[in-house]
Amino acid sequence: GGIITQTPKFLIGQEGQKLTLKCQQNFNHDTMYWYRQDSGKGLRLIYYSITENDLQKGDLSEGYDASREKKSSFSLTVTSAQKNEMAVFLCASSIQDRGRAEQFFGPGTRLTVL
Amino acid sequence: QQQVRQSPQSLTVWEGETAILNCSYEDSTFNYFPWYQQFPGEGPALLISISSVSDKKEDGRFTIFFNKREKKLSLHITDSQPGDSATYFCAAPPGNYKYVFGAGTRLKVIA
């Protein structure tokens with residue numbers, strides 16, 4: 001088995017602030033994902049990385065940057081936090097499979113912007 | 001544009017009843033549908049999945065029924081237990097490496 005660790009668990013920021021969320025996995029998976037989860041809206045894909053040194057935009061990439069520092073870690077940066085923004089950011093990983101790989105999720109980082 | 005739709009948004013059943021969660025999609029090229037279960041404070045976890053070549057997939061108390069012609073699926077949870085209280089997401093792969101998720105159904109099972 002393996003585990004996905006997300007830090008921090010809770011993140012409080014100020015409007016306009018640049019904020020970084022980190023994700024580590026020990027599954028030795030090639031592919032990693034960042035999702036945003038808003039109440040009542042399901043999971044929306046922000047960025048994903050098929051393999052180390054790869055970066056792909058999802059449907060919600062505007063306002064975010066990502067970095068795949070090494071195979072086991074994937075970071076997400078909120079470039080300018082929006083006032084009153086509240087969401088959960090979920091990191092996931094999977095084997096490199098073109099269509100049906102199970103995604104394993106971390107517990108999430110809960111963002112609040114004051 | 002929602003590619004995967006779920007209903008109802010929330011559902012309450014009594015312990016022992018069968019909970020029925022619905023999912024529909026628009027893109028006829030979707031051929032694989034995983035269902036994820038998420039407990040409060042945790043990330044989603046794969047519960048059960050079905051390929052479009054099947055019309056039914058069963059795993060214990062959890063069964064997916066798939067109607068390809070109508071582009072609809074349903075997840076049936078028989079003998080519902082309070083421990084099944086969670087949010088359930090239907091998903092589909094619109095392309096390589098990624099999934100699109102529905103908005104989820106929040107299930108509450110009352111003892």
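Because the structure is a prediction, the values reported are computed rather than measured.

Novice: What is the right way to read the state of the cysteines from this model?
Specialist: Two cysteines form a disulfide when their sulfur atoms are joined by a covalent bond. All names here are of chain B. Summed over the entire model, instances satisfying the criterion amount to two disulfides over all chains. Put simply, C23 and C90 are joined by a disulfide, and their sulfur atoms are 2.1 Å apart. Taking the torsion about the S-S bond as the criterion, the C23 to C90 disulfide, at about -70°, is left-handed. Taken together, the residues C23 in strand β3 (residues 19-25) and C90 in strand β9 (residues 86-95) connect sequence positions 67 residues apart. According to the relative accessible area criterion, C23 is buried, its value standing at 3%.

Novice: Honestly, the interface of chain A and chain B in this entry has me stumped. Any pointers?
Specialist: At the junction of the two partners, chain A supplies 25 residues and chain B supplies 21 residues. The contact between chain A and chain B buries some 2,000 Å² in all, and 50% of this surface belongs to carbon and sulfur atoms. Secondary-structure elements contributing two or more residues to the side of chain A that touches chain B are β4 (31-37) and β5 (43-49) of chain A. No other element matches β4 of chain A, which puts four residues into the side of chain A that touches chain B. Looking at the side of chain A that touches chain B residue by residue, the classes come out as 10 nonpolar, eight polar and seven charged.

Novice: How should the sheet that holds strand β1 (residues 4-7) of chain B be read in this particular structure?
Specialist: Backbone-to-backbone hydrogen bonds pair the strands of a sheet. The strands run either parallel or antiparallel. Residues and elements named next belong to chain B. With respect to topology, five strands assemble into an open sheet ordered β1-β3-β8-β7-β6, the strand pairing being antiparallel. At either margin of the open sheet sits one strand with a lone partner, and together these are β1 and β6 (56-59). Taking the axes of each pair of neighbouring strands and ignoring which way they run, one obtains an average angle of 15° across the sheet.

Novice: Would you mind showing me how to read the pattern of salt bridges here?
Specialist: Opposite charge on two side chains allows them to pair when their charged atoms are near. Applying the stated criterion across every chain, the model contains eight salt bridges over all chains. A salt bridge links K56 of chain B to E58 of chain B, with the shortest nitrogen-to-oxygen separation between them at 4.0 Å. On the basis of relative accessible area, K56 of chain B is assigned to the partly exposed category, the value being 44%. Connected through salt bridges with shared partners, the residues R36, D38, R44 and E85 of chain A form a single ionic network.

Novice: What is the right way to read the packing of aromatic side chains from this model?
Specialist: Two measures describe an aromatic ring pair: the distance that separates the ring centres and the angle between the ring planes. Taken as a whole and judged by the stated rule, the model has 16 aromatic pairs over all chains. Here Y35 of chain A and F101 of chain B contribute two aromatic rings whose centre-to-centre distance is 5.5 Å and whose plane-to-plane angle is 90°, an arrangement assigned as edge-to-face. Within this pair, whereas Y35 of chain A is found in strand β4, its partner F101 of chain B is found in strand β10 (residues 98-101), the two belonging to separate chains. Comparing Y35 of chain A with F101 of chain B shows no difference in burial state: the two are buried. Ring plane angle 85° and centroid distance 6.5 Å describe the contact between F89 of chain B and F101 of chain B, whose orientation is recorded as edge-to-face. Pair noted here: F89 of chain B is in strand β9 and F101 of chain B is in strand β10, with a separation of 12 residues, a long-range link. Accessibility classification places F89 of chain B together with F101 of chain B in one group, the buried group. Connected via pairs of aromatic rings, a cluster forms that spans Y33, Y35, Y48 and F105 of chain A together with Y32, Y36, F89, Y99 and F101 of chain B.

Novice: Would you mind going over the sheet that holds strand β1 (residues 4-7) of chain A with me for this structure?
Specialist: All names here are of chain A. With respect to topology, four strands assemble into an open sheet ordered β1-β3-β8-β7, the strand pairing being antiparallel. The open sheet is flanked by β1 and β7 (64-70), the only strands paired with a single partner. Adjacent strand axes in the sheet meet at a mean angle of 15°, parallel and antiparallel pairs treated alike. Direction of pairing for strand β3 (residues 19-25) relative to strand β8 (residues 73-78): antiparallel, over a ladder of six bridges. Bridge pairing links C23 to F74 in β8.

Novice: What is the right way to look at unusual backbone geometry in this model?
Specialist: Glycine aside, negative phi is the norm for most residues, and most peptide bonds take the trans geometry. Residue P8 of chain A follows T7 of chain A across a cis peptide bond; omega there is -5°. In this structure, P8 of chain A sits in the loop between β1 and β2 (10-13). The omega angle of the peptide bond from S7 of chain B to P8 of chain B is -10°, so this bond is cis rather than trans. Tracing the chain through its elements places P8 of chain B in the loop between β1 and β2 (10-14). Unusually for a residue other than glycine, N53 of chain A sits at a positive phi of about 75°. Relative to the assigned elements, N53 of chain A resides in the loop between β5 and β6 (56-57). In the Ramachandran plot, D79 of chain B falls in the positive-phi region, its phi being about 50° despite a non-glycine side chain. Mapped onto the elements, D79 of chain B comes out in the loop between β8 (72-77) and β9.

How each quantity is defined
Residues numbered from 1 in each chain as written. Chains lettered and ligands numbered in written order. Predicted model: local features only at pLDDT ≥ 70, side-chain atom pairs only at ≥ 80, totals over all residues. Heavy atoms only, no water. Disulfide = S-S within 2.5 Å. Helix = DSSP H or I, 4+ residues; strand = E, 2+ residues; numbered from the N terminus. Buried < 20%, exposed > 50% of the residue type's maximum accessible area, 1.4 Å probe, protein only. Contact = heavy atoms within 4.5 Å. Buried area = accessible area lost by both parts, 1.4 Å probe. Nonpolar A, V, L, I, M, F, W, Y, C, P; charged D, E, K, R; others polar. Pairing = 2+ DSSP bridges. Axes fitted to C-alpha atoms, helices over the stretch in contact; angles between N-to-C directions. Salt bridge = Lys/Arg side-chain N within 4 Å of Asp/Glu carboxyl O. Phe/Tyr/Trp six-rings, centres within 6.5 Å; stacked < 30°, edge-to-face > 60°.

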